[in-house]
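Observations on chain architecture
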Amino acid sequence: MITRTSLPLYLQELDSVCRQDIPWDCVKGKTLVVSGATGMIGSFLIDLIMRLNSIYELSCHVVALGRKRQKAEKRLPYFDSPDFEFIECDLSNTRDLPALNADYILHLASSTHPRAYASDPIGTIEGNVDGLRTLLNLADQSRAELLFASSVEVYGENRGDVERFNESYSGYLDCNTLRACYNESKRLGEAMCQAWKSQRGVSVHIARIARVYGPTLLPSDSKALSQFIHNGIAGENVVLKSEGNQLFSYLHVADAVSGILRVLLSGESGQAYNLADESSDVRLRDLAKVVCDSCGVSLEFCLPDANEAAGYSKATLALMDGSKAKNELGWKAVYDIETGINETVDIIREL
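Residues numbered from 1 in each chain as written. Predicted model: local features only at pLDDT ≥ 70, side-chain atom pairs only at ≥ 80, totals over all residues. Heavy atoms only, no water.

Side note on the overall build of the protein chain
As a reminder of what qualifies: A run of H or I in DSSP becomes a helix once it reaches four residues, and a run of E becomes a strand once it reaches two; helices and strands are each numbered from the N terminus. With a 1.4 Å probe rolled over the protein chains alone, any residue whose accessible area is under 20% of its type maximum counts as buried; one over 50% counts as exposed, and the rest are partly exposed. The contact criterion used is simple: two residues touch if any of their non-hydrogen atoms lie within 4.5 Å. Note that His is not counted, nor are the chain ends; the positive residues are Lys and Arg, and the negative ones are Asp and Glu. In this description, the location of a charge corresponds to atom NZ of lysine, CZ of arginine, CG of aspartate or CD of glutamate.
The helix and strand inventory of the protein chain stands at 12 helices and 13 strands. Expressed along its principal axes, the backbone C-alpha trace of the protein chain runs to roughly 50 × 45 × 40 Å. The buried share of the protein chain, reckoned over its 351 residues, is 58%. Residue pairs at least 24 apart in sequence account for 80% of intrachain contacts in the protein chain once pairs closer than 6 positions are excluded. Each charge sign in the protein chain was given a centre, from 35 positive and 47 negative side chains, and these centres are 3 Å apart.

Given below as structure tokens:
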């Protein structure tokens, strides 16, 4: 059976992060607890740590948290490794999580696509809020450092007064909508981090991440770019369900993971850092065209159904200012949008 980690191109992506001057010694011999272990970011992060273990003998122990062991066995080929442990649990139910000793905790679990927002808004909130509460309490008990994966969506809609969102910006957000289950729970998650830091002394780090794509995306992912890629690889025309004028920041998963690790290991506790790069700012119609060119298919326009539309973001201009992470942490992205899309298509096509 072909796996991601058997593909040379995917290994090159992992190695592009391994070679960066991230303080890897900080995780040597440590225990990392990772929620959302089978997700796009979580699975890449775990692949990276396990590769570092094999190359640099870091002996970093990964405790992967997820709701379905069967899914994890398909996504994470490490169940025979002494450096890997999987715990099947529902983080919204604290009784499901056994006592753990952790040095670092990364809360990456979240519903991140429109169909989930529309069909399971309660589950979206529970993952972002109840799950985070469980892990903040674990960080308190273990005296671990915690990374909360936040989102560009905490900024809401651009009020028209800035070109890019920096970490102090706050845009318009209508909380009285179904779609707000994601944005508002991410905002509350950041406030929870500040509360646990202030009242219990937990070391918290917040990464606000641009729209992520990459070879670890799941077949169930209903974000626009994910649908473009799935359709294109299947030899079907890419379907754009709007005029495509939305201008957003995107980020390859390898760059998202390198940024997350820098925020966790080098960032200041209590601070939020944008993870975005101008080379991956693109209008949706132009992004669709990149996928079409990569897959050799055509572009079509089609209105979304009511269920999909209910989960779509209303934002049309959401560009992030990533200068804080670059200037203060030394982080920089490796992949521009065209290179990242082409490699993503090549890897998924091989799989």
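From this point, things continue past the structure.
Considerations on the nonpolar core
Formally: Put simply, buried Ala, Val, Leu, Ile, Met, Phe, Trp, Tyr and Cys residues joined by side-chain atoms within 4.5 Å make one nonpolar core.
Counting residues in hydrophobic clusters, the biggest one holds 88 residues, and the most contacted among them are I46, I209 and I341. Excluding residues within four positions of it along the chain, I46 makes contact with V34, A37, V62, A64, L76, Y78 and F84. V33, V63, L91 and V204 belong to the second largest nonpolar core, which has 26 residues in total.

Section: the packing of aromatic side chains
Convention followed: Two rings belonging to Phe, Tyr or Trp (six-membered ring only in the last case) form a pair when the distance between their centres is within 6.5 Å. Interplanar angles under 30 degrees mark stacking, angles over 60 mark edge-to-face geometry, and anything in between is tilted.
Scanning the entire structure with this criterion turns up six aromatic pairs. Ring centres of F79 and F86 lie 5.8 Å apart, and the angle between their planes is 45°; on these two criteria the pair is classed as tilted. Ring centres of F165 and Y169 lie 5.0 Å apart, and the angle between their planes is 15°; this geometry places the pair in the stacked category. For the pair F165 and Y169, one class covers both residues: buried. Put simply, the rings of Y78, F79, F84 and F86 touch in pairs and so form one group of aromatic residues.

Some remarks on the state of the cysteines
Disulfide: a covalent bond formed between the sulfur atoms of two cysteine residues. Put simply, the test is: The disulfide criterion is simple: two cysteine sulfur atoms within 2.5 Å.
Throughout the structure, instances matching the rule amount to zero disulfides. This cysteine, C18, is not joined by any disulfide, and C60 carries the nearest cysteine sulfur, 12 Å off. Looking at C18, the relative accessible area reads 4%, which means it is buried. Here C60 is not cross-linked by a disulfide; its sulfur's nearest cysteine counterpart is in C26, at 11 Å.

Some points on helix α2 (residues 40-56)
Heads up, the condition is: One less than the residue count of a helix, multiplied by 1.5 Å, gives the span that helix is expected to have.
The end-to-end C-alpha distance of α2 is 24 Å, a good match for the 24 Å that 17 residues give at a rise of 1.5 Å each. Among the 17 residues that make up α2, 13 are buried, leaving the element largely enclosed by the rest of the structure.

Notes on the pattern of salt bridges
Test applied: When a carboxyl oxygen of Asp or Glu is within 4 Å of a side-chain nitrogen of Lys or Arg, the pair counts as a salt bridge.
For the structure shown, the criterion picks out 16 salt bridges. Between R262 and D21 there is a salt bridge, with its nearest N and O atoms 2.5 Å apart. Residue R262 is found in helix α8 (residues 253-266), and its partner D21 is found in the loop between α1 (8-18) and β1 (31-35); the two are separated by 241 residues along the sequence. In the salt-bridge network here, residues are joined through shared partners; they are D140, R143 and R200.

What to know about the layout of surface pockets
Heads up, the rule is: The rule is simple: put a 1 Å grid over the protein atoms alone, call a set of points where a 1.4 Å probe fits but cannot get out a cavity, call an open set with protein on both sides within 12 Å along at least five of seven lines a pocket, and count a residue as lining if it has an atom within 4 Å of a point. Grid points are joined across faces, edges and corners, and a volume is the space filled by probe spheres set on the points. Gly is put with the polar residues, along with every residue not named as nonpolar or charged; the nonpolar set is Ala, Val, Leu, Ile, Met, Phe, Trp, Tyr, Cys and Pro, and the charged set is Asp, Glu, Lys and Arg.
Here the second largest pocket is characterised by a volume of approximately 430 Å³. Contributing to the lining of the second largest pocket are 17 residues, with R4, K74, R75, P219 and L351 lying nearest its centre. Taken together, the residues of the lining of the second largest pocket sort by class into nine nonpolar, three polar and five charged.

A word on the packing of α1 against α2
Put simply, the rule reads: Note on geometry: axes are lines fitted to C-alpha atoms, helical ones only across the stretch in contact, with angles between N-to-C directions running from 0 to 180 degrees. For this classification, under 35 degrees means roughly parallel, over 145 means roughly antiparallel, 65 to 115 means roughly perpendicular, and everything else is oblique.
Running from N to C, α1 and α2 point in directions that differ by 75°, and their axes come no closer than 10 Å. Classed by the angle they form, the pair α1 and α2 counts as roughly perpendicular. Where α1 abuts α2, its residues Y10, L11, E13, L14, D15, V17 and C18 lie against F44, D47, L48, R51, L52, I55 and Y56.

Concerning the pairing of strand β3 (residues 84-88)
Note the threshold: At least two bridges found by DSSP between two strands is the condition for calling them paired. By definition, the crossover connecting two strands over a helix is right-handed if that path, from the first strand to the second, turns clockwise as seen with the strands pointing away from the viewer.
Both strand β2 (residues 61-66) and β3 contribute to a ladder of five bridges, which runs parallel. By the bridge assignment for β3, A64 is matched with F86. Each parallel crossover has a hand, and the one from β2 via helix α3 (residues 69-75) to β3 is right-handed.

Describing the sheet that holds β3
The sheet built from seven strands is open, its strands ordered β3-β2-β1-β4-β5-β6-β10 with parallel pairing. Looking along the sheet, the strands with just one partner apiece sit at the ends: β3 and β10 (272-275). Neighbouring strand axes in the sheet, compared pairwise and without regard to direction, differ in orientation by 20° on average. Sheet analysis places strand β6 (residues 203-209) next to β10, joined by four bridges and oriented parallel. The partner of A207 across the bridge, within β10, is Y273.

Digging into the packing of α1 against helix α12 (residues 337-350)
At a minimum axis separation of 9 Å, α1 and α12 run at an interaxial angle of 135°. Our classification of the angle between α1 and α12 gives oblique. Across the interface between the two elements, L9, Y10 and E13 of α1 pack against E343, D346 and I347 of α12. Of the residues that constitute the contact of α1 with α12, the class distribution is three nonpolar, no polar and three charged.

In short, the description is geometric, and any link to function would need to be established separately.
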